[in-house]
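# Structure assessment
This is what each chain is made of:
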Amino acid sequence: MFATAIRQLRMVSSIALGKRINPRNIEHLIGDAVKTIEEFGTLGDDIQQQIEGPFGDPATRKDLQNGALQRTARHLARSSPYYRRLFAAHNINPEKLTVDVMSQIPVTTKKELMEHQRDFITTDSRPFLSARTTGTTGLPAEVWVSKYEIELWPALNVLSMLLRDEIDLDGCLQINISSRATVAARMMSAMCGLVGAGVRALGIIPPCESVDSLLCDGSKVPTMLSTHPSYLAQLVQEARYRKLKPCDFHLRHVYCGGEVLSNVLLHAAKETLGAEFVHDNYGMTEILPVTARACNQGHLHHDVNSGFFEVRDLETGEPAESGALGSLIITPYYPYRECMPVFRYDTHDVVRCLSGETFACNMAAIPATSRILGKVDHLLHTNEQIITPREFIETYESLPSQPWPARFQARSTGDFIELVLSEQALDGMTEDDVEQHFQAAGIPVHVIGHVARQQERYLRSLRADLLETTFTHTGPNQHQLARSDSKELIL
Amino acid sequence: MNGQYVLLIIMLFASLLTVTCSLIYFQTVHMERPPIGVFNKEDIAILFMFLLVLPFIYVAIPPLLLTVILVVAFIGLIYTGLRPLMRARYALLTAIVLLAANIVVTQTSKTGWAMGMQIHWALNDLIIILGAVTISNLYVQGAMRLRHVAWFALLLALYDAFFAWVVPLTPALLIHLENTAIDPAIAFTIGTFRMSIGLGDLFVFSLFTVAAYKGFSVRGMIASLGLVAIFGTLLPLGVVLVLTAMTGRANVTVPAQVFFGPAAFITYLWLSRHTQERSMRQWYNAHTKPGSTPLGVSTHARQEVKTTP
């Protein structure tokens, strides 16, 4: 108990003084938290204060943010060739940087990150592991991380999850994300290792094999699942096809990210897979370890302790007004990010600004925006309104035919949206029915065609399409045979 | 009956009263605990280091400063113990009033007030019992296990023997503490006879009894009550009486831990041979009836009782 207090003091002093955080110290704190849970069943009192962190207090938040931004900018001006140039060109003095003048600093885009990749790597760090984005939403970017970062991030993340009771200590995590997502996969394995949970790293394999794994018996039966919404949809479909019941699974937590998770799919995952909690988390390789979590009322609460977030108006480029759509801009703080840090990184993820609003959710003290509404490039503009990918996907996936994951192509013609949908979406419906369904949701849609099941993957790239081949089944299994066009399989 | 034997029975009663109060407090009050952290062997080491250094500091500093330190420490302790039972301001007020009254009575009794010393000792004993109940519960409810207490008591036995008989620090400390308004011991006087048991001893008795009850249920509690009565009180105070009679000296110091420590360690070994020591979670599950609400500010503990299958 005394030693735990000393460890907490060490961590807080590192953060306050802007010094590197010792990952070993955090790992010991995790050990303390695990022992506390083993002894008492839960963590102790004032846990909410721990969860919110020092930045959770609105009265002191701005001062802390100013200090953290100045510290980060100082580090970048000293060690990052790209930002040294940028700050010099725009006459930015890190010592005078405040929250109020952040909007005057140019944003960093993925294009710049790709074009000047070497200049983003700081001179005082040693790149250890490269993470390539999957490219499902554009060209892939390569991000380098140091050994310090790859040790620190999982430790910080798992500590936060322990505080929120979002991880099973004696459970097992099944990882169904692309094996090429090296940083994410490594982080998740490390996180489980830190709390003594098991890991089944499967990757994006045929859904029937993943469902088989979820159903297995034994001491390390998966109680947690990490995947993308599109793959989760395939797992739900597979489970429903096999007439499996929630009691057949042992899942407690499903962690989703990387794509838009519709409410209808979230509830379907709970009903079908028996998961107690489906977490819709936000994070991307470029801005790690800054993440965001969806609350019980559908806001997206941002981690204000490890980074600074802004919502930039899509049209003016200025800070977005409350209620307006904007692109999410993230600045991870030093010392959380050291190898290839970014400053005011434009994620191109659209959110609705909720600044100035008071929340009544389970994370009310933490600043929030709406959940991710999609990528800026995927917004559909009609003469009357802007339709976000989330609105479109929510409506599409709530079709009675349950066409999960949503496969479509949509294009604005000005007055309405031209829609090409998958054959699956028309199951038991006419094109008119689909149009009326969208009309009821306030989206003017004109269905111009549909594609066969075998072609539907060309409609829209999903992370579930990053399929990895396995030799588990020498041929198509009975479920695949039953559901697929036999002619194509023979070919 | 000889006054000395009456005192012996009173001291026995006082020791058992202290540990019984600790047990009742443990059963009925959930104390606030930090979000992360359980008591472990590192804490025993830190606690022991603290105990090692503290007497030297006590002896070195002037009595007035020592009084201030003790007053602040006891106000904090009593406040912590009373806080789950009443509103914060009332808990603080009670602690301050108790300590202030004790100081006033002590100073007044020096002017020749006959009843003064009696009231001083009554107040002092109350403060000490409250202190022992609070610290022992803080540690046991913070997940200190009987294993830790047993080792702690054993180390304390060696420590006490060394500083009582090899390097006479304990007698020097007792003389030094006589000049302060708070005596960290419970004491009773009949005529010219006076017997006392130190706060440290009462703390270890309470700690052992509560930890034994938490870890080994009623069997642990009965064993530790017997241990406190025989090895913690009767045997050391009996030796005091024998030594007083044999040597004719008025001030005889016999550290209770010398008897209690080894006996406590053996009792722990005996208890743990039969069953595994329970965690706080297991204790909650075994002792919390559905719908019952323990006293205290620790709402988290109450939630866990409800949610744990």
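No experiment lies behind these values; they were computed from the predicted model shown.

Another point: the overall build of chain B. On a plain count of helices and strands, chain B comes out with 11 helices and four strands. What you see for chain B is a C-alpha radius of gyration of 20 Å, in line with the 19 Å of a compact globule of 309 residues. A total of 309 residues make up chain B; the buried ones form 41% of that total. Within chain B, contacts between residues separated by at least 24 positions form 78% of all contacts whose residues are at least 6 apart in sequence.

Bringing the interface of chain A and chain B into the picture now. Taken residue by residue, the interface counts 21 residues in chain A and 21 residues in chain B. Contributing elements (two or more residues each) for the side of chain A that touches chain B: α1 (2–17), α2 (23–40) and α3 (47–52) of chain A. A per-element tally of the side of chain A that touches chain B places α2(A) first, with eight residues.

Turning next to the pairing of strand β2 (residues 142–146) of chain A. Residue and element names in this part refer to chain A. With four of five residues buried, β2 lies mostly within the body of the structure. Pairing of strand β1 (residues 127–132) with β2 involves five bridges; the strand directions are antiparallel. Bridged to P127 within β2 is S146.

Moving on, we come to unusual backbone geometry. Cis geometry is adopted by the peptide bond preceding P289(A), which originates at L288(A) and carries an omega value of 5°. The omega torsion of the bond from Y334(A) to P335(A) falls at 15°, within 30 degrees of zero and hence cis. Backbone geometry at R344(A) places phi at a positive 55°, although glycine is not the residue there. With respect to the helices and strands, R344(A) occurs in the loop between β11 (325–332) and β12 (345–352). Residue R344(A) is classed as buried on the basis of its C-beta count, with 20 C-beta atoms lying within 10 Å. For A143(B), which is not glycine, the phi dihedral falls at a positive 85°. The class of A143(B) is buried, set by 24 C-beta atoms lying within 10 Å.

Attention shifts here to the pairing of strand β7 (residues 277–282) of chain A. Residue and element names in this part refer to chain A. Burial along β7 is one-sided: V278, D280 and Y282 are buried, while F277, H279 and N281, pointing the other way, are not. Across four bridges, the pairing between strand β6 (residues 253–256) and β7 is parallel. Counterpart to V254 in the pairing with β7 is V278. Pairing geometry for β7 and strand β8 (residues 292–294), over two bridges, is antiparallel. From the neighbouring strand, Y282 faces β8, where its bridge partner is A292.

Let us now look at the domain arrangement of chain A. All names here are of chain A. The domain architecture assigned to chain A consists of domain 1 (2–148 + 284–376) and domain 2 (383–472 + 482–490). Computed over C-alpha atoms, the centres of domain 1 and domain 2 are 35 Å apart. Counted by class, the side of domain 1 that touches domain 2 contains three nonpolar, three polar and two charged residues.

Secondary-structure assignment places K111(A) in helix α6 (residues 110–115). For the pair K111(A) and G203(A), spaced 92 residues apart in sequence, the C-alpha separation works out to 28 Å.

On average, chain A scores 87 in pLDDT, and the residues at 70 or more come to 93%. Note on residues 484–491 of chain A: pLDDT is under 50 here. Beyond four places in sequence and across chains, it has seven contacts.

Of all hydrophobic cores here, the largest spans 126 residues; its most connected members are I30(A), V254(A) and A269(A). Three or more residues apiece are contributed to this core by two domains, here domain 1 (2–148 + 284–376) and domain 2 (383–472 + 482–490) of chain A. Counting 74 residues, the second largest nonpolar core, distinct from the first, contains M11(B), L23(B), V210(B) and V258(B).

Residues and elements named next belong to chain A. The eight strands lie next to each other as β4-β3-β5-β6-β7-β8-β9-β13, forming an open sheet whose pairing is mixed. Either end of the sheet is taken by a strand with one partner, and the two such strands are β4 (198–201) and β13 (368–370). For this sheet, the mean inter-axis angle between neighbouring strands, taken without regard to orientation, is 25°. Bridge analysis of strand β3 (residues 172–176) against β4 gives four bridges, and the strand direction is parallel. Within β4, the residue paired with I175 across the bridge is A201. Sheet strands touched by helix α12 (residues 263–273): β6 and β7. Its angle to β7, the strand with the most contacts, is close to 145°.

Rules used in this analysis
Residues numbered from 1 in each chain as written. Chains lettered and ligands numbered in written order. Predicted model: local features only at pLDDT ≥ 70, side-chain atom pairs only at ≥ 80, totals over all residues. Helix = DSSP H or I, 4+ residues; strand = E, 2+ residues; numbered from the N terminus. Rg over C-alpha atoms; globule rule 2.2 N^0.38 Å. Buried ≥ 20, exposed ≤ 12 C-beta atoms within 10 Å, placed from the backbone. Contact = placed C-beta atoms within 7 Å. Pairing = 2+ DSSP bridges. Domains from an automatic or database assignment. Nonpolar A, V, L, I, M, F, W, Y, C, P; charged D, E, K, R; others polar. pLDDT = per-residue confidence, 0-100. Core = buried A, V, L, I, M, F, W, Y, C linked by C-beta atoms within 7 Å. Axes fitted to C-alpha atoms, helices over the stretch in contact; angles between N-to-C directions.

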